[in-house]
Amino acid sequence: MPEHGREASAAADVLRKRLGGDTSPTMNLATFLATSYEPEAAQLFSEYLEYNLVDRDQYPAATEIEQQCVRILGELWNGDPKGVVGGATTGSSEAALLAGAALLRRWEHNSRYRGRNARPNLVFGANAHVCWHKFCRHWNVEPRVAPVGPQALHLTPESVTELCDENTIGVVGILGSTIDGSYEPIAEIAAALDELAESGGVDVPLHIDAASGGFIAPFLDPELVWDFRLSRVQSINTSGHKYGLVPPGLGWMLWRNRQARTGWLNFRTNYLGSPRTHHELTFSRSAAPVVVQYYNFVRLGFEGYRAAHARTRETAAMLADALAETGPFQILGDGRQLPVVALRLRDHVQWKLHELSDYLGQLGWSVPVYALPPDMEETDVLRVVIRDDMTRGEAESLLSNVRRFVTTP
């Protein structure tokens, strides 16, 4: 810390210079986070930045807006808007920890399993976000991870039934894998778990990690059954700061009803005034992201969200088809579920994906290359996340850069 301060404008310039070399967010094709907002949304974010969402006595309107968002999402996911419970989190990672904690407490206090001297386990695919591994480590739950393979880069009904036993607290289904943008077959997984329970086996609840797909599927794939229409689904999380089009710092965690959330997440406190029940892991946080989420609901409506995501998916599909035509790429994710393009090199290609990524980086594009999970870790994948602020022209510019690299000796 310097001995003396300086003028506000001078201090701001210091930060701008320090941060000036970072990648422009709009050219960061690695992130799912929303990177551009309307001026009105930015203004609302600034106006309500200092409103503490947890201080429900002083900011009751912010609390009501939060719960209105919960009801909207509950109805969007075909739940009972009067029955669903939940709230805002700092992101899908906090939401996942809450979902896992509810599953664990439900299992611990189930009369069928109470008192068992056994380690609980949680079943999910190798494509699941690292937050699920964090939950397992911090809560001492065994992660039972279904491996990926050439036929499926995600969880399958067969792998679920093989991994579940009486110590399984739940199964996590992924609606929108970060590896390739694919939806896991949630309805088929639920049916397999139903059959397992009906045959005298364990009765395992299902949580849906819809961090990205929760704001895509309801608008573009309404016929897809993955949500509270399935009685096996007890809870769902999503990220408002991804395809919910909100600045970073917002997730949503919803349970089918109060019984699914369980009372073990309840904490009573009168720290800020009158007694209140608190469920989240975090405490003080700004109401601004929640305000912007509700602004988006009012501003865009169902048709506005549908149109925005349809344009994004069309751009992703165009890019995937055009990249496939260049020759060296095998497309793993074609943008027709999540608007994500994922590709690997064909066997005969002599150069590496990291070389292409480095070349694009020199042009300002940040495009990640990563290895697939265990059992396919020898395969590198390049992924391009398409967001609503990427124009068709920008996508064609990126495509032109790739073609130039591919055709240059």
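Residues numbered from 1 in each chain as written. Predicted model: local features only at pLDDT ≥ 70, side-chain atom pairs only at ≥ 80, totals over all residues. Heavy atoms only, no water.

In the nomenclature of an unreviewed UniProt entry, the protein is known as Glutamate decarboxylase of Actinopolyspora biskrensis. Database annotation for the protein, UniProt heading Catalytic activity (unreviewed entry): "L-glutamate + H(+) = 4-aminobutanoate + CO2". (UniProt positions renumbered as here; feature names shortened; annotations may be inferred.)

Section: the sheet that holds strand 12 (residues 369–371)
Within the open sheet, the 4 strands sit side by side as 10-11-13-12. Their pairing is antiparallel. At either end of the open sheet lies a strand with only one pairing partner, and these are strand 10 (329–334) and strand 12. Pairs of neighbouring strands in the sheet enclose a mean axial angle of 30 degrees, with direction left out of account. The sheet contact formed by strand 10 and strand 11 (residues 340–345) spans 5 bridges and is antiparallel. (Pairing = 2+ DSSP bridges. Helix = DSSP H or I, 4+ residues; strand = E, 2+ residues; numbered from the N terminus. Axes fitted to C-alpha atoms, helices over the stretch in contact; angles between N-to-C directions.)

Looking at the nonpolar core
Grouped together as the largest cluster of nonpolar side chains are 54 residues, with contacts concentrated most on Val171, Leu206, Ile208, Trp226 and Trp252. Of the domains in this structure, domain 1 (8–37 + 302–407) and domain 2 (42–299) are the two that each give at least three residues to this core. Beyond its immediate chain neighbours, meaning those up to four positions away, tryptophan 226 contacts Trp77, Leu175, Ile186, Ile208, Ala210, Gly214, Ala217, Pro218, Val233 and Ile236. With 29 residues, the next largest nonpolar core counts Met318, Trp351, Val367 and Leu398 among its residues. (Core = buried A, V, L, I, M, F, W, Y, C linked by side-chain atoms within 4.5 Å. Buried < 20%, exposed > 50% of the residue type's maximum accessible area, 1.4 Å probe, protein only. Domains from an automatic or database assignment. Contact = heavy atoms within 4.5 Å.)

Comments concerning empty space enclosed by the protein
What the rule picks out here adds up to 4 cavities of 30 Å³ or more. In this structure, the second largest cavity occupies an estimated 70 Å³ of space. For the second largest cavity, the full set of lining residues is Leu319, Leu323, Phe329, Leu343, Leu356, Leu360, Val367, Leu382, Val384, Leu398 and Val402. At the level of secondary structure, the elements contributing two or more residues to the lining of the second largest cavity comprise helix 10 (288–325), helix 11 (353–362), strand 13 (380–385) and helix 12 (392–407). Residues belonging to the lining of the second largest cavity are distributed by class as follows: 11 nonpolar, no polar and no charged. (1 Å grid on protein atoms, 1.4 Å probe; cavity = no way out; pocket = protein on both sides within 12 Å on 5 of 7 lines; lining within 4 Å. Points joined across faces, edges and corners; volume = space filled by probe spheres on them. Nonpolar A, V, L, I, M, F, W, Y, C, P; charged D, E, K, R; others polar.)

Some remarks on the environment of serine 400
Within the secondary structure, serine 400 is located in helix 12. Accessibility expressed as a relative area gives 30% for serine 400, which makes it partly exposed. In this structure, the C-alpha to C-alpha distance between serine 400 and arginine 313, residues 87 residues apart in sequence, is 19 Å.

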